[in-house]
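Letter by letter, the chains look like this.
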Amino acid sequence: MKALLLLLLLPQLCSASLVPEREKDPEYWRRQAQETLRNALRLQRLNQNVAKNLILFLGDGMGVSTVTAARILKGQLQHGQGEESLLEMDKFPFVALAKTYNTNAQVPDSAGTATAYLCGVKANEGTLGVSAGVTRDRCNTTKGQEVTSILRWAKDAGKAVGIVTTTRVTHATPSAAYAHSANRDWYSDGEMPPDALEGGCKDIARQLVENIRDIEVILGGGRKYMYPKNVSDVEYPHEEKHRGTRLDRRNLIQAWHEAKPPGKVAEYVWHRRGLLALNLSRVDFLLGESLHPRVSWPQLGALGGPLACPGVLGQLQWPVIPRRVLLPPRDGGRIDHGHHEGKAKQALHEAVELDRAIGVATRLTSTQDTLSVVTADHSHVFTFGGYTPRGNPIFGLAPMQSDVDRKPFTSILYGNGPGYKIVAGERENVSAVDFAHADYQAQSAVPLRQETHGGEDVAVFARGPMAHLLHGVHEQNYIPHAMAYAACIGSNRGHCNAAARPATPLLLPFLGLLFLLC
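- In the nomenclature of an unreviewed UniProt entry, the protein chain corresponds to Alkaline phosphatase from the organism Dasyornis broadbenti.
- Regarding the protein chain, the UniProt comment filed under Sequence similarities (unreviewed entry) reads as follows: "Belongs to the alkaline phosphatase family."
- Entered under Subunit (unreviewed entry) in the UniProt record, the comment concerning the protein chain runs "Homodimer."

What follows is the structure, encoded as structure tokens:
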């Protein structure tokens, strides 16, 4: 009887031991709440400065459940319990929700959403930088339906701009900043159907070089789409899958160089070593393309790789120039890739890396003249639960077995995806596999080769001039309009004071507009 009583009490005793001593005192929570209240009251003094710099951090697929899990992971990587940890984005004072649906899709794709948060117009799934009047795959519906992005608005205002991504630069998310395409997959002319080529539509890589010729900084992956078909890759010369894909036989890297004005220094790099070797004070234009920047967390060996966002931001401290730039980050691009493969460990570590990049940018800029926005294009059918105790390893097991099949389960699960596994007619017993492995595919309810996006709203975090304009629940296409208003670019400039106080000189990652997809 005593043994049975001990077993019954054990969960409660263990749970109690997980509570930090300070949290047992009600005054701890009261003091914390009062400090939060004081900080909130300070926000009544709105920052209505003109934003000299704009930075958009885009975590591809970084839904609210991913943000929460990444917060716990960050804290546990720092040897804490995790739940009480703060992400850099958590420190932003203004938070909103964005509705992510495409004009023809309840659950969106990355192309239609990118058109929304970069161009300010909602669009059909699979289309880039065009209105909803364009039908996917139909080149002949594109003409006259092109819409411009906040990156273009910044260039038209004389600002310097940059795109940094851990995905291909021609991927759907960053390419809406410069391209107009009826199909997000038309990376080079080698991926386009004959009717689209005959109809005069341009591939996305070509548009990167031709549409906005004076983008100061372009860093990402996808270099094979810049080279003629079957040209060997500089880094992997013997691997056929990495060879060039262009049917027009053009070398777009060379074309990028040739398009620069006389007297301007344009540098091309394809590895981190080349980037670090540059004297950036003497560089006017920078193009960096790897095959595909590696996932930037230590377990995957990315520290020696090409272009991890935190490292890039730490290195690219351009001297101040008269024009300021709008900085748009995107990918946290590999968050999305991890989730699609059901590999939560890869997705969440990438989210933590994106948060590191946000921290670097925060240290290099001032809230007095820099509006920073962090958001996602869409979510995923990713969740974690199971009544886990405080401090439970985020990639660990729930403290219970299923009361149906009597098997354990991990806290992290997917609604659908490749993790659906039946062994001997039953759900796989996760205690028989290494569920902490980087390549482990979390169990899913429905079998799919690739997990899908989710349809719920995503968070929008904002800090700096006019950050208060991002509040409540918005359509996703509102985001660039609010950012443009803050910077006095685009169509809303009537409120701007031409004699506004100039910003204090700073060393910044970019000056003007930066789109960071990390």
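## Focus: the overall build of the protein chain
Then comes step 1: Counting its regular elements, the protein chain contains 14 helices and 21 strands.
Then comes step 2: Taken across its 518 residues, the protein chain has 54% of its residues classed as buried.
Then comes step 3: Within the protein chain, counting contacts between residues at least 6 apart in sequence, those at least 24 apart form 74% of the total.
Then comes step 4: Accessible area of the protein chain: about 22400 Å², with a carbon and sulfur share of 54%.

## What about the sheet that holds strand β17 (residues 444-447)?
Then comes step 1: Taking strand neighbours across the sheet as the criterion, the three strands line up as β11-β14-β17 in an open arrangement whose pairing is mixed. Every other strand in the sheet has two partners, leaving β11 (382-384) and β17 as the edge strands with one partner each. Within the sheet, the average angular offset between the axes of one strand and its neighbour, ignoring direction, is 20°.
Then comes step 2: Where β11 lies against strand β14 (residues 412-417), three bridges are found, and the strand directions are antiparallel. Following the sheet pairing, Thr 383 is matched in β14 by Leu 413.

## Structural notes on empty space enclosed by the protein
Then comes step 1: In this structure the tally under the stated criterion is one cavity of 30 Å³ or more.
Then comes step 2: Estimated volume of the largest cavity: approximately 90 Å³.
Then comes step 3: Forming the walls of the largest cavity are Gly 342, Ala 344, Lys 345, Phe 395, Thr 410, Ile 412, Phe 435, Ala 436, His 437, Tyr 440 and Ala 442.
Then comes step 4: For the lining of the largest cavity, a count of residues per class yields seven nonpolar, three polar and one charged.
Then comes step 5: Structurally, the lining of the largest cavity is a two-domain feature, drawing no fewer than three residues from each of domain 1 (46-296 + 303-381 + 452-494) and domain 2 (397-447).

## Considerations on the UniProt feature "active site" (unreviewed entry) in the protein chain
Then comes step 1: Per the UniProt record, "active site" (unreviewed entry) is found at Ser 110.
Then comes step 2: Structurally, the position occupied by Ser 110 is in helix α4 (residues 110-119).
Then comes step 3: Overall, Ser 110 belongs to the buried group, its relative accessible area being 1%.

## Some details on helix α2 (residues 26-42)
Then comes step 1: If you check α2, its first and last C-alpha atoms are 25 Å apart, about what 17 residues at 1.5 Å a residue would give, namely 24 Å.
Then comes step 2: At the N-terminal end of α2, a side-chain oxygen is found 3.0 Å from the backbone nitrogen of Glu 27, two or three residues along, and the residue is Asp 25.

## Observations regarding the layout of surface pockets
Then comes step 1: If you add up the space inside the largest pocket, you get close to 370 Å³.
Then comes step 2: As for the largest pocket, its lining consists of 14 residues, of which Thr 36, Asn 39, Asp 90, Lys 91 and Pro 93 are closest to the centre.
Then comes step 3: At six residues, the largest contribution of residues to the lining of the largest pocket is made by α2.
Then comes step 4: When grouped by side-chain class, the residues that make up the lining of the largest pocket number seven nonpolar, three polar and four charged.

## Structural notes on the nonpolar core
Then comes step 1: The biggest cluster of nonpolar side chains holds 101 residues, and the ones touching the most others in it are Tyr 178 and Val 373.
Then comes step 2: No other element matches the nine residues that helix α13 (residues 344-364) contributes to this core.
Then comes step 3: In this structure, this core is formed jointly by two domains, domain 1 (46-296 + 303-381 + 452-494) and domain 2 (397-447), each of which donates at least three residues.
Then comes step 4: Among all residues touching Val 373, those that are not within four sequence positions of it are Ile 55, Leu 56, Phe 57, Val 460, Phe 461, Ala 462, Leu 470, Ile 479 and Met 483.

## A closer look at the packing of aromatic side chains
Then comes step 1: In the structure shown here, the tally under the stated rule is three aromatic pairs.
Then comes step 2: Each ring, one from Tyr 28 and one from Trp 29, has its centre 4.8 Å from the other, and the planes form 80°; the classification is edge-to-face.
Then comes step 3: Given a relative accessible area of 39%, Trp 29 falls into the partly exposed group.
Then comes step 4: We note Arg 168 situated over the ring of Tyr 187; from NZ or CZ to the ring centre the distance is 4.6 Å.
Then comes step 5: For the cation-ring pair, Lys 260 lies above Phe 285, with the distance from its terminal atom to the ring centre recorded as 5.3 Å.

## As for the pattern of salt bridges
Then comes step 1: In the structure shown here, the tally under the stated rule is 30 salt bridges.
Then comes step 2: The partner of Glu 23 in a salt bridge is Arg 390, with the nearest N and O atoms 2.8 Å apart. On the criterion of sequence distance, the pair formed by Glu 23 in the loop between α1 (2-17) and α2 and Arg 390 in the loop between β11 and β12 (397-401) is long-range, its members being 367 residues apart.
Then comes step 3: We classify Glu 23 as buried; its relative accessible area is 11%.
Then comes step 4: Under the relative-accessibility criterion, Arg 390 is labelled partly exposed at 25%.

## A short note on the state of the cysteines
Then comes step 1: Within this structure, the stated rule accounts for two disulfides.
Then comes step 2: Two residues share a disulfide in this structure: Cys 139 and Cys 201, whose sulfurs sit 2.0 Å from each other. Here the S-S torsion is close to 105°, and the disulfide linking Cys 139 with Cys 201 is therefore right-handed. You can see Cys 139 sitting in the loop between α4 and α5 (150-156) and its partner Cys 201 sitting in the loop between α7 (194-198) and α8 (204-210), a full 62 residues away along the chain.
Then comes step 3: With a relative accessible area of 7%, Cys 139 lands in the buried category.
Then comes step 4: Each sulfur of the disulfide joining Cys 488 and Cys 496 lies 2.0 Å from the other. Here the S-S torsion is close to -110°, and the disulfide linking Cys 488 with Cys 496 is therefore left-handed.
Then comes step 5: The exposure class assigned to Cys 488 is buried, which follows from its relative accessible area of 14%.
Then comes step 6: The partly exposed category is assigned to Cys 496, whose relative accessible area is 25%.

Calculation rules
- Residues numbered from 1 in each chain as written.
- Predicted model: local features only at pLDDT ≥ 70, side-chain atom pairs only at ≥ 80, totals over all residues.
- Heavy atoms only, no water.
- UniProt positions renumbered as here; feature names shortened; annotations may be inferred.
- Helix = DSSP H or I, 4+ residues; strand = E, 2+ residues; numbered from the N terminus.
- Buried < 20%, exposed > 50% of the residue type's maximum accessible area, 1.4 Å probe, protein only.
- Contact = heavy atoms within 4.5 Å.
- Areas by Shrake-Rupley, 256 points an atom, 1.4 Å probe, with all protein chains shown as cover.
- Pairing = 2+ DSSP bridges.
- Axes fitted to C-alpha atoms, helices over the stretch in contact; angles between N-to-C directions.
- 1 Å grid on protein atoms, 1.4 Å probe; cavity = no way out; pocket = protein on both sides within 12 Å on 5 of 7 lines; lining within 4 Å.
- Points joined across faces, edges and corners; volume = space filled by probe spheres on them.
- Nonpolar A, V, L, I, M, F, W, Y, C, P; charged D, E, K, R; others polar.
- Domains from an automatic or database assignment.
- Expected span 1.5 Å × (residues − 1).
- Polar contact = N/O pair within 3.5 Å; in protein donor to acceptor, adjacent residues only side chain to side chain.
- Core = buried A, V, L, I, M, F, W, Y, C linked by side-chain atoms within 4.5 Å.
- Phe/Tyr/Trp six-rings, centres within 6.5 Å; stacked < 30°, edge-to-face > 60°.
- Lys NZ or Arg CZ within 6 Å of the ring centre and 35° of its normal.
- Salt bridge = Lys/Arg side-chain N within 4 Å of Asp/Glu carboxyl O.
- Disulfide = S-S within 2.5 Å.

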